[in-house]
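These are the residues of each chain, in order.
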Amino acid sequence: EVQLVESGGGLVQPGGSLRLSCAASGFTFGSYDMSWVRQAPGKGPEWVSGINSGGGSTYYADSVKGRFTISRDDAKNTLYLQMNSLKPEDTAVYSCAAGLGATCATGPSWEYDYWGQGTQVTVSS
């Protein structure tokens, strides 16, 4: 069974940090490009960041560039998102997504093969 299970979300004050993890199983994680996508209440999904299958290329939405860092550990079948300098507008459910398409890591391609259920991140004072 394919599973993507996110963890690490929670409540944090503006300016704080969180590290999200996405544990993958049931597919060849190392062959897939990975992305983080978020969805705020009442809003559509927003692509946040992506990383290619080799881990050598990373991509970020303008809204998070310089604050978030995406990484992966293929030996652990795990994707990470380090989030620093968090802002209230970062509040959303964060999901990880996997895909083999050429644009899956580079932006909001929405050509993903697998999705996780997400973890809630709330940034509030």
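Throughout what follows, the structure given in this document is the object of discussion. Computed from a predicted model, the values in this text were never measured in an experiment. (Residues numbered from 1 in each chain as written. Predicted model: local features only at pLDDT ≥ 70, side-chain atom pairs only at ≥ 80, totals over all residues. Heavy atoms only, no water.)

Let us look at the overall build of the protein chain. Check the secondary structure of the protein chain and you find zero helices and eleven strands. In the protein chain, the succession of α and β elements from N to C terminus is β-β-β-β-β-β-β-β-β-β-β. The C-alpha radius of gyration of the protein chain comes to 13 Å, within 12% of the 14 Å expected for a compact globule of 125 residues. Here the C-alpha coordinates of the protein chain stretch approximately 40 × 25 × 25 Å along the principal axes. Counting across all 125 residues of the protein chain, residues that qualify as buried make up 43%. Restricting the contact set of the protein chain to residue pairs at least 6 apart, pairs at least 24 apart contribute 59%. Taken as a whole, the protein chain presents about 5,900 Å² of accessible surface, with 46% of it coming from carbon and sulfur. Side chains of the protein chain carry 8 positive and 11 negative charges; the gap between the two charge centres is 8 Å. (Helix = DSSP H or I, 4+ residues; strand = E, 2+ residues; numbered from the N terminus. Rg over C-alpha atoms; globule rule 2.2 N^0.38 Å. Buried < 20%, exposed > 50% of the residue type's maximum accessible area, 1.4 Å probe, protein only. Contact = heavy atoms within 4.5 Å. Areas by Shrake-Rupley, 256 points an atom, 1.4 Å probe, with all protein chains shown as cover. Lys, Arg positive; Asp, Glu negative; His and termini not counted. Charge placed at Lys NZ, Arg CZ, Asp CG, Glu CD.)

So, about the pattern of salt bridges. The final tally for this structure, using the stated rule, is five salt bridges. One salt bridge connects Asp-62 with Lys-65, and the closest N-O pair in it is separated by 3.1 Å. Assessed through its relative accessible area of 66%, Asp-62 is described here as exposed. Across the pair Arg-72 and Asp-74 runs a salt bridge whose closest N-O atoms are separated by 2.8 Å. Accessibility expressed as a relative area gives 32% for Asp-74, which makes it partly exposed. In this structure, a network of salt bridges that share partners links the residues Arg-38, Glu-46, Arg-67 and Asp-90. (Salt bridge = Lys/Arg side-chain N within 4 Å of Asp/Glu carboxyl O.)

In total, this model carries seven aromatic pairs according to the counting rule given. For the pair Tyr-32 and Tyr-114, a centre-to-centre distance of 5.7 Å together with 45° between the ring planes defines the contact as tilted. Highlighted residues: Tyr-32 in the loop between strand E3 (18-25) and strand E4 (33-39) and Tyr-114 in strand E10 (residues 114-115), separated in sequence by 82 residues. A ring pair is formed by Trp-110 and Tyr-112, whose centres lie 6.1 Å apart and whose planes are at 90°; its orientation type is edge-to-face. The class of Trp-110 is partly exposed, set by a relative accessible area of 38%. With relative accessibility at 10%, the residue Tyr-112 sits in the buried group. Ring pairs connect the aromatic residues Phe-27, Phe-29, Tyr-32 and Tyr-114, which therefore count as one cluster. For the cation-ring pair, Arg-72 lies above Phe-29, with the distance from its terminal atom to the ring centre recorded as 4.5 Å. (Phe/Tyr/Trp six-rings, centres within 6.5 Å; stacked < 30°, edge-to-face > 60°. Lys NZ or Arg CZ within 6 Å of the ring centre and 35° of its normal.)

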